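Here is how the chains run, residue by residue.
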Amino acid sequence: MNNPKEQLEAINDIRNMMERSSKFVSLNGFSGVFVGLFALIGVGILTSYTQIKIADITSTKPYYSLLIQDGKLYIPCLLFYFSVAASVLVLSFLVSMWLTIQKARKHKVNIMDNTAKRLAINMMIPLVTGGVFCLILLYQLQVQLIAPTMLIFYGLALVNSSNYTYPDVRYLGIIEIVVGLIASFFVEEGLICWAFGFGLMHIVY
């Protein structure tokens with residue numbers, strides 16, 4: 001171990017072992033690209049659907065006006081919006097998990113270790129809270145705030161879980177929060193902010 005090169009390799013091995021024990025490093029960066037692409041496709045579908053539907057009513061109404069008609073939730077539009085959002089979520093989750101599993105196998109890392117569990121718990125708490133709050137907004141007919149709320153709570157989830165994975169995740173989370181707050185002021189541009197936060201920012205990340 002007197003060789004400086006051997007000492008450096010030993011230090012690197014120890015550092016890698018400590019990093020793997022404290023951080024989830026199997027997260028595949030390409031999963032962010034796919035998440036972003038799925039989000040952009042979803043926004044494109046919703047935008048086209050909205051433009052077609054609003055053209056039948058008036059061109060001046062915002063996208064979320066389709067969800068409330070005669071003071072009540074309009075179920076057909078709600079189901080369509082929900083089905084698109086759910087499809088984006090499921091596809092993003094499946095592709096991200098598949099890529100992460102492939103990377104974990106390549107590096108011979110256990111994907112379900114204690115670090116991964118802590119990461120999942122710290123991420124799910126804000127996500128579940130945000131999901132419940134979105135349902136409350138839907139119940140209260142405050143649908144214009146759902147898109148900003150999703151961005152804000154997703155950003156909080158990333159920040160909350162960033163201690164257990166790559167540090168860059170924290171910065172992505174902060175950006176998502178800022179975009180969500182901006183979307184709260186410009187609620188009529190909710191789909192554009194959604195595309196920027198969930199779509200473009202994931203691809204850039």
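A.B. asks: Now, about the overall build of the protein chain: what can you tell me, with residues and values included?
C.D. replies: Broken down by element type, the protein chain carries 7 helices and 2 strands. Pairs at least 24 residues apart make up 72% of the contacts formed inside the protein chain by residues separated by at least 6 positions. Per element, the accessible surface of the protein chain, about 12400 Å² overall, is 69% carbon and sulfur.

A.B. asks: Break down the packing of helix 5 (residues 146–161) against helix 6 (residues 168–185) for me, with residues and values.
C.D. replies: Between helix 5 and helix 6, the shortest axis-to-axis distance is 7 Å and the interhelical angle comes to 160 degrees. The angle between helix 5 and helix 6 falls in the class roughly antiparallel. Regarding helix 5 and helix 6, the two cross each other, and that crossing is left-handed. Along the contact surface, helix 5 presents Pro148, Leu151, Ile152, Tyr154, Gly155, Leu156, Leu158 and Val159, while helix 6 presents Val169, Arg170, Leu172, Gly173, Ile174, Glu176, Ile177, Val179, Gly180, Leu181, Ala183 and Ser184. Split by residue class, the contact of helix 5 with helix 6 holds 14 nonpolar, 4 polar and 2 charged.

A.B. asks: Residue-level account of helix 4 (residues 114–139), with values.
C.D. replies: End to end, helix 4 covers 37 Å across 26 residues, agreeing with the expected 38 Å (1.5 Å per residue, within 8%). Within helix 4, the axis deviates most sharply at Met124, by approximately 30 degrees, and proline Pro126 lies no more than four positions further along. Positive backbone phi, at 65 degrees, marks Leu141, one or two positions downstream of helix 4.

A.B. asks: So what's going on with the packing of helix 6 against helix 7 (residues 190–204)? Which residues, and what values?
C.D. replies: The interhelical angle for the contact between helix 6 and helix 7, taken along N-to-C directions, is 165 degrees, at an axis separation of 9 Å. The pairing of helix 6 with helix 7 is recorded here as roughly antiparallel in orientation. Seen along the crossing, helix 6 lies across helix 7 with a hand that is right-handed. Judged by residue contacts, Leu172, Ile175, Glu176, Val179 and Ala183 of helix 6 engage Cys193, Phe196, Gly197, Phe198, Met201 and His202 from helix 7. Grouping the amino acids of the contact of helix 6 with helix 7 by side-chain chemistry returns 8 nonpolar, 2 polar and 1 charged.

A.B. asks: Just give me the short version of the packing of aromatic side chains, but keep the residues and values in it.
C.D. replies: In the structure shown here, the tally under the stated rule is 6 aromatic pairs. Relative to Phe80, the ring of Tyr49 lies with its centre 3.9 Å away and its plane at 20 degrees, an arrangement referred to as stacked. With a gap of 31 residues between them, Tyr49 in helix 2 (residues 29–55) and Phe80 in helix 3 (residues 75–106) connect regions that are remote in the sequence. On the basis of relative accessibility, which here comes to 16%, the residue Tyr49 falls in the buried class.

Parameters and conventions
- Residues numbered from 1 in each chain as written.
- Predicted model: local features only at pLDDT ≥ 70, side-chain atom pairs only at ≥ 80, totals over all residues.
- Heavy atoms only, no water.
- Helix = DSSP H or I, 4+ residues; strand = E, 2+ residues; numbered from the N terminus.
- Contact = heavy atoms within 4.5 Å.
- Areas by Shrake-Rupley, 256 points an atom, 1.4 Å probe, with all protein chains shown as cover.
- Axes fitted to C-alpha atoms, helices over the stretch in contact; angles between N-to-C directions.
- Parallel < 35°, antiparallel > 145°, perpendicular 65-115°, else oblique.
- Left-handed = near helix turned anticlockwise from the far one by under 90°.
- Nonpolar A, V, L, I, M, F, W, Y, C, P; charged D, E, K, R; others polar.
- Expected span 1.5 Å × (residues − 1).
- Bend = angle between axes of the 7 residues up to and from the residue.
- Phe/Tyr/Trp six-rings, centres within 6.5 Å; stacked < 30°, edge-to-face > 60°.
- Buried < 20%, exposed > 50% of the residue type's maximum accessible area, 1.4 Å probe, protein only.

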